[in-house]
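In case you want the letters, here they are:
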Amino acid sequence: GAGVSQSPRYKVAKRGQDVALRCDPISGHVSLFWYQQALGQGPEFLTYFQNEAQLDKSGLPSDRFFAERPEGSVSTLKIQRTQQEDSAVYLCASSLEGDGPSFRNQPQHFGDGTRLSIL
Amino acid sequence: AQTVTQSQPEMSVQEAETVTLSCTYDTSESDYYLFWYKQPPSRQMILVIRQEAYKQQNATENRFSVNFQKAAKSFSLKISDSQLGDAAMYFCAYRSGYNAGNNRKLIWGLGTSLAVNP
């Protein structure tokens, strides 16, 4: 079946512009995660949704970062007034895991990421 | 807070040989999960193997196996019969157990770049 799809694959923006990154999770996946991966680093958690509810946004680095998942499927990560330090690969992952015991520790499946470059 | 450390930025192995990648972690939790992910140049993060902390038996997936030492907080990955397609960045990751509520995030190490020489 189809995997996690992210678009665009590459995005170049000028400093100060707003950007929106899209994630289409695997159909039926309850949980959705966003991670930021700087060059040569491991991913860093940004935020987590269960269906449409944003249950953890502790990793968002500033109030310029905003994520939504209004219908519990597609998610958008928006970055306002971009800065050079926002340049990174943004990874989206989805999993079957919800609150029921049958779905504990379901693996996170990742998309190809969006490489964001801020000039 | 939990941390994950991968002390080998780069490793290399000859094709068909065995290589072991190291990972240590720090946590005060008793219930957690550990993972090894592979990230080829295409960037897609692929799950290689996972281990539940409450299980004493080391996980195995075909040519991939782990050496999980809970007391030492060590979680190394062994790749047997290395193949050219194994060349990639390998990340070790930690996740709190189910009772951690909404804390479902993965905490990652910095990665180990594995080269496979023909």
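Scroll up for the structure.
These notes cover the structure that comes with them. Just so it is clear, the structure is predicted and the values come from calculations on it, not from any experiment. (Residues numbered from 1 in each chain as written. Chains lettered and ligands numbered in written order. Predicted model: local features only at pLDDT ≥ 70, side-chain atom pairs only at ≥ 80, totals over all residues. Heavy atoms only, no water.)

1. Section: the overall build of chain B
Okay, so step 1: When its secondary structure is counted, chain B shows 0 helices and 12 strands.
Okay, so step 2: Listing each helix as α and each strand as β along chain B from the N terminus yields β-β-β-β-β-β-β-β-β-β-β-β.
Okay, so step 3: Taken over C-alpha atoms, the radius of gyration comes to 14 Å for chain B, in line with the 13 Å a tight globule of 118 residues would show.
Okay, so step 4: Dimensions of chain B, computed from the C-alpha atoms along their principal axes, are close to 45 × 30 × 20 Å. (Helix = DSSP H or I, 4+ residues; strand = E, 2+ residues; numbered from the N terminus. Rg over C-alpha atoms; globule rule 2.2 N^0.38 Å.)

2. Details of the interface of chain A and chain B
Okay, so step 1: With 33 residues of chain A at the contact, the number on the chain B side is 21 residues.
Okay, so step 2: Taking both sides of the interface into account, the surface hidden between chain A and chain B amounts to around 2,300 Å²; carbon and sulfur atoms contribute 45%.
Okay, so step 3: In this structure, the connection of chain A to chain B is made through 0 salt bridges.
Okay, so step 4: Where chain A meets chain B, there are 5 residue pairs in polar contact (both at pLDDT 80 or more).
Okay, so step 5: Those elements that place two or more of their residues in the side of chain A that touches chain B are β4 (31–37), β5 (44–50), β6 (53–56), β9 (88–95) and β11 (114–118) of chain A.
Okay, so step 6: Residue composition of the side of chain A that touches chain B, grouped by class: 12 nonpolar, 14 polar and 7 charged. (Contact = heavy atoms within 4.5 Å. Buried area = accessible area lost by both parts, 1.4 Å probe. Salt bridge = Lys/Arg side-chain N within 4 Å of Asp/Glu carboxyl O. Polar contact = N/O pair within 3.5 Å; in protein donor to acceptor, adjacent residues only side chain to side chain. Nonpolar A, V, L, I, M, F, W, Y, C, P; charged D, E, K, R; others polar.)

3. Some details on the state of the cysteines
Okay, so step 1: Within the structure shown, the criterion is met by 2 disulfides over all chains.
Okay, so step 2: Paired through a disulfide, C23 of chain A and C92 of chain A show a sulfur-sulfur distance of 1.9 Å. Here the S-S torsion is close to -70 degrees, and the disulfide linking C23 of chain A with C92 of chain A is therefore left-handed. Pair noted here: C23 of chain A is in strand β3 (residues 19–24) and C92 of chain A is in strand β9, with a separation of 69 residues, a long-range link.
Okay, so step 3: A relative accessible area of 0% places C23 of chain A in the buried class.
Okay, so step 4: The partner cysteine of C23 of chain B in its disulfide is C92 of chain B, sulfur to sulfur 2.0 Å. Because the sign of the S-S torsion sets the handedness, a value of about -70 degrees for the bond joining C23 of chain B and C92 of chain B places this disulfide among the left-handed ones. Placement of the pair is C23 of chain B in the loop between β3 (19–21) and β4 (24–26) and C92 of chain B in strand β10 (residues 88–96), with a sequence separation of 69 residues. (Disulfide = S-S within 2.5 Å. Buried < 20%, exposed > 50% of the residue type's maximum accessible area, 1.4 Å probe, protein only.)

4. So, the sheet that holds strand β8 (residues 75–79) of chain A
Residues and elements named next belong to chain A.
Okay, so step 1: Taken together, the 4 strands give an open sheet; going across it, the order is β1-β3-β8-β7, and neighbouring strands pair in antiparallel fashion. Lying at the two open borders of the sheet, with one neighbouring strand each, are β1 (5–7) and β7 (65–68). Each strand axis lies, on average, 15 degrees off the axis of its neighbour in the sheet, ignoring direction.
Okay, so step 2: Note that β1 and β3 share 3 bridges and pair antiparallel. In the strand pairing of β3, S5 is matched with D24. (Pairing = 2+ DSSP bridges. Axes fitted to C-alpha atoms, helices over the stretch in contact; angles between N-to-C directions.)

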